Amino acid sequence: MPRLLIVDDEPNLLYSLKKALRSDSLEIITAETAREGIDKVRQLSPDVVILDVRLPDMSGLDAFTEIAQIDSSLPVIMATAYSTMETAIEATKRGAFEYLLKPVAFEQLQGAVQRALEINRHAEPAKPQSAAADPAAELLIGQSPAMQEVYKAIGRMAPQNVTVLIEGESGVGKELVGQVIYHHSRRSQGPFLAINCAAIPEPLLESELFGHERGAFTGAGDLRIGKFQQVDGGTLFLDEIGDMPLIAQAKMLRLLQDGSFQRVGSNKTLRADVRVIAATNQNLEELVEEGLFRRDLYYRLKVFAVRIPPLRQRLDDLPLLLEHFIRLFNQELGKNVRGVSPEALQLLKQHPWPGNVRELQSAVKYALVHAQGETLTPENLPASCHAPPDVPAASDALPAGSLNVAQYAGQLLDAGEADIYRRVHGEVDRILLPQILDHAGGNQVVASGLLGIARSTLRAKINDLGMIIAKRVLPEAGGVDAGPADR
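These figures come from a predicted structure and were not determined experimentally.

Novice: Quick one: what's the story with the pattern of salt bridges, residue by residue and with numbers?
Specialist: Within the structure shown, the criterion is met by 27 salt bridges. Across the pair Glu167 and Arg307 runs a salt bridge, and its minimum N-O distance is 4.0 Å. Of this pair, Glu167 sits in strand β6 (residues 164–167) while Arg307 sits in strand β14 (residues 304–307), and the two are 140 residues apart along the sequence. For Arg307, a relative accessible area of 54% translates into the label exposed. Of the charged contacts in the structure, one is a salt bridge between Glu213 and Arg263, with a shortest N-O distance of 3.1 Å. Here Arg263 lies in the loop between β11 (260–261) and β12 (270–271) and Glu213 lies in the loop between β8 (211–212) and β9 (224–225), a separation of 50 residues in the sequence.

So this is what it looks like as structure tokens:
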């Protein structure tokens, strides 16, 4: 008969779990300390272990390491009521079968136990990894189910020397995730360098990444060592990878395939051992279909992929994020704010957060600057967090063609807005862009030419407005398919 060991220091919880999981086909044994649990693993050879993270005599993570030394194939389900990013990543990285937050739903726990029993019959789980201190432990904040999945994904992919693609909207913290992956990787003692592909002009990006020879182009007065060569043996984080020009994409594909590259203006092949972590807020599959991103590079990058949820999808984490930013900016601004009033918290929960965690960070800093006491009140929050019903918000557009700029600006002034330029231009774009894109048949290259702006700028505006663009065949090419539509 399969045997389940439950290690937890709460007698009432042990009783409840034993009663809930009781079965004629499963023997259940319990332990109230880590040492007792380790001894029972050695003596009784259970088939599955449920292990609490916080135990009176040692941490569950350390207990798990000892259990794995006794039997590396034993599935261990970690459970805790006090989850942090660090423990979630470490548990997954060391090879825990599952990581659950208390209180755990019975169906979820029963399902995990059944899967563990099945796995134990047929295969070995991952071998344990050695623990490592994480200087980035405070970078990611959140205990929501969505963030727990992110932590577990980091724990699985960080120790592997593979390329990672991080997807998510602007402001969700993609670079922070990249840094955490780096700190938990086998290259954590090597260099880490971050490059924003959208911030470097296209003609210079290839030189920035791969370097150039003296005289390779006008202005190339000296030999330049590129970022790939500078970070040899370490990790390179490439933000906004969708903005990388095609010629640089071809060179990067070669580097990912065999580690070789050439500087601009040179035929000499060089080599670099670099782990690439890429990030994007764009839909790379759409860029592939448009011929703007190499299909082979896309598949090479997406060996491991993790999507970071937007803030509006994890509002349970809002109190933790507020606490973190208040503590951070209290030190910076010399303030002594201790919390947020219920009224202010309600306003923050109602806000859609189009700028995600980055916008929240700015809002908290603004509020602390204006705070008079130890509690943040609605009066301290930026005007965008109030969103009065009579003032159109950024996500609440006026009907197409009806925008009166002077009237709209007056409404924003009356409401005390401090971001009027962006708001007015956003409403103009909401009316203008669909018309131009419709005229261009959904072709963003054509549309950006008509608008006289860079295609990367057009893509950023489309993302900000939440528009979905569908290509259509222009009439002279034979028929109409579809045009742009608001999300």
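Novice: Lay out the pairing of strand β4 (residues 76–80) in plain terms, naming residues and giving numbers.
Specialist: Burial analysis of β4 places 5 of its 5 residues in the buried class, which makes it a mostly covered element. Note that strand β3 (residues 48–52) and β4 share 4 bridges and pair parallel. Bridged to Ile50 within β4 is Ile77. Here β4 runs beside strand β5 (residues 98–101); their pairing, made up of 4 bridges, is parallel.

Novice: Please provide a residue-by-residue account of the nonpolar core, values included.
Specialist: Ranked by size, the top nonpolar core spans 44 residues in total, and within it Val49, Leu51, Met78, Ile154, Ile166 and Ile181 carry the most contacts. With sequence-adjacent residues up to four places away left out, Ile181 is seen in contact with Ile154, Met157, Ala158, Val164, Ile166, Arg275 and Ile277. Counting 31 residues, the second-largest nonpolar core is a separate cluster that includes Leu205, Phe210, Phe228 and Leu256.

Novice: Which residues make up the packing of helix α2 (residues 34–44) against helix α3 (residues 60–70), and what values go with them?
Specialist: Running from N to C, α2 and α3 cross one another at 10°; their axes reach a closest spacing of 10 Å. Between α2 and α3, the interaxial angle falls into the category roughly parallel. Packed against α2, whose contacting residues are Ala34, Arg35, Ile38, Val41 and Arg42, the element α3 presents Ala63, Glu66, Ile67 and Ile70 at the interface.

Novice: Just give me the short version of helix α14 (residues 342–350), but keep the residues and values in it.
Specialist: Along α14, the positions that sit buried rather than exposed are Ala344, Leu347 and Leu348. With its buried residues spanning 100° around the axis, α14 presents them on a single face. Facing away from the buried surface of α14 by more than 90 degrees, the exposed residues are Pro342 and Gln350. In this structure, the buried residues of α14 make contact with α13 (318–333), β15 (339–340) and β16 (375–376).

Basis of the calculations
Residues numbered from 1 in each chain as written. Predicted model: local features only at pLDDT ≥ 70, side-chain atom pairs only at ≥ 80, totals over all residues. Heavy atoms only, no water. Salt bridge = Lys/Arg side-chain N within 4 Å of Asp/Glu carboxyl O. Helix = DSSP H or I, 4+ residues; strand = E, 2+ residues; numbered from the N terminus. Buried < 20%, exposed > 50% of the residue type's maximum accessible area, 1.4 Å probe, protein only. Pairing = 2+ DSSP bridges. Core = buried A, V, L, I, M, F, W, Y, C linked by side-chain atoms within 4.5 Å. Contact = heavy atoms within 4.5 Å. Axes fitted to C-alpha atoms, helices over the stretch in contact; angles between N-to-C directions. Parallel < 35°, antiparallel > 145°, perpendicular 65-115°, else oblique. Arc of directions from axis to C-beta.

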